[in-house]
Amino acid sequence: QTCNPNITRSAPDSRYELLNNGTEVKDSQTGLIWQRCSLGQTFNGTSCTGTATTYNWTNALQTAANMGNGWRVPNIKELDSLIEQACYSPSINENYFPNTVSSWYWSSSPVAYGSGSAWVVNFYGGNASSGYKYGNYYVRLVRSSQ
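This one's a predicted model, so the numbers in the text were calculated from it and none came from an experiment.

Peer 1: Where do I start with the pattern of salt bridges in this structure?
Peer 2: Once their charged atoms are close, side chains differing in charge can pair, the charge on each being opposite to the other. Here the structure, examined in full by the defined rule, presents three salt bridges. One salt bridge connects Arg 143 with Glu 24, and the closest N-O pair in it is separated by 2.6 Å. Pair noted here: Arg 143 is in strand S11 (residues 142–144) and Glu 24 is in strand S3 (residues 24–27), with a separation of 119 residues, a long-range link. There is no split in this pair, since Arg 143 and Glu 24 are both buried.

Structure (structure tokens):
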């Protein structure tokens, strides 16, 4: 990860709180609770280990639904809220979201102009774009706080 010290952090440590033995992260700014690791990884008490799994859009939504407990694929605004503007590769708070893949992650938000695409966020540079629903991207699940 490379960060510019002259840019104020958009996702500082003070914004986050660890829950559930460090496997979940609560964002005090949005009230959302995030899985600390990408799908396919597990938290070992220190970091996210294993290999993150890619999914097409339909499988990502179904996998989230199968998890239960309110877990879901975040909408584009929720996913975009995780971007750390001062850093890239990855553009996320690595203290709270370790070993995040510097790549594209699915949102649950379809693109308005085409039924075959949905919004994705790139955690390499911190930008959003559209991705074909049959494409394979990473997933980080979220739920609303109880």
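Peer 1: Is there a simple way to think about the sheet that holds strand S4 (residues 32–35) in this case?
Peer 2: In sheet architecture, strand pairing relies on hydrogen bonds along the backbone and comes in two forms, parallel and antiparallel. Read from one edge to the other, the open sheet built from four strands follows the order S2-S3-S4-S11, with strand pairing classed as antiparallel. Two strands bound the open sheet, and with one partner strand each, they are strand S2 (16–19) and S11. Between one strand axis and the next, the sheet turns by 30 degrees as a mean value, whatever way the strands run. The pairing of S4 with S11 spans three bridges and is antiparallel. Within the sheet, the bridge partner assigned to Ile 33 lies in S11 and is Arg 143.

Peer 1: Would you take a moment to explain the state of the cysteines for this structure?
Peer 2: Here a disulfide denotes a covalent bond joining the sulfur atom of one cysteine to the sulfur atom of another. Taken as a whole and judged by the stated rule, the model has two disulfides. Each sulfur in the disulfide pair Cys 37 and Cys 48 lies 2.0 Å from the other. Between Cys 37 and Cys 48, the disulfide has an S-S torsion of -85 degrees and is therefore left-handed. With Cys 37 in the loop between S4 and strand S5 (42–43) and Cys 48 in strand S6 (residues 48–49), this residue pair connects regions lying 11 residues apart in the sequence. What makes Cys 37 buried here is its relative accessible area of 7%. What links to what in the protein chain: the bonded cysteines, counted in sequence order, pair as 1-4, 2-3.

Peer 1: Could you clarify how one ought to interpret the packing of aromatic side chains in this entry?
Peer 2: Both the distance between ring centres and the angle between the ring planes are used here to describe each pair of aromatic rings. Across all of its chains, the model carries seven aromatic pairs by this definition. Ring plane angle 65 degrees and centroid distance 5.9 Å describe the contact between Tyr 88 and Tyr 124, whose orientation is recorded as edge-to-face. Here the residue Tyr 88 occupies a position in strand S7 (residues 87–88), and Tyr 124 occupies one in the loop between strand S9 (117–122) and strand S10 (127–132), the gap between them amounting to 36 residues. By relative accessible area, Tyr 88 is classed as partly exposed at 39%. Residue classification places Tyr 124 among the partly exposed positions, given a relative accessible area of 41%. Plain terms: the ring middles of Trp 106 and Tyr 137 are 4.8 Å apart, the flat faces sit at 75 degrees to each other, and that makes the pair edge-to-face. One end of the pair, Trp 106, is in strand S8 (residues 104–110); the other, Tyr 137, is in the loop between S10 and S11, with 31 residues separating them in the sequence.

Peer 1: How should I be thinking about the sheet that holds S8 in this particular structure?
Peer 2: Read across the sheet, three strands follow the order S8-S9-S10 without closing on themselves; strand pairing throughout is antiparallel. Each edge of the open sheet is held by one strand with a lone partner, namely S8 and S10. Pairwise comparison of adjacent strand axes, ignoring direction, gives a mean angle of 40 degrees for this sheet. Direction of pairing for S9 relative to S10: antiparallel, over a ladder of six bridges. Its bridge partner being in S10, Asn 122 is matched across the sheet by Asn 127. Relative to S8, helix H1 (residues 57–67) is tilted by about 85 degrees, and along the sheet it contacts S8 and S9.

The rules behind these values
- Residues numbered from 1 in each chain as written.
- Predicted model: local features only at pLDDT ≥ 70, side-chain atom pairs only at ≥ 80, totals over all residues.
- Heavy atoms only, no water.
- Salt bridge = Lys/Arg side-chain N within 4 Å of Asp/Glu carboxyl O.
- Helix = DSSP H or I, 4+ residues; strand = E, 2+ residues; numbered from the N terminus.
- Buried < 20%, exposed > 50% of the residue type's maximum accessible area, 1.4 Å probe, protein only.
- Pairing = 2+ DSSP bridges.
- Axes fitted to C-alpha atoms, helices over the stretch in contact; angles between N-to-C directions.
- Disulfide = S-S within 2.5 Å.
- Phe/Tyr/Trp six-rings, centres within 6.5 Å; stacked < 30°, edge-to-face > 60°.
- Contact = heavy atoms within 4.5 Å.

This is a description of form; function is not addressed.
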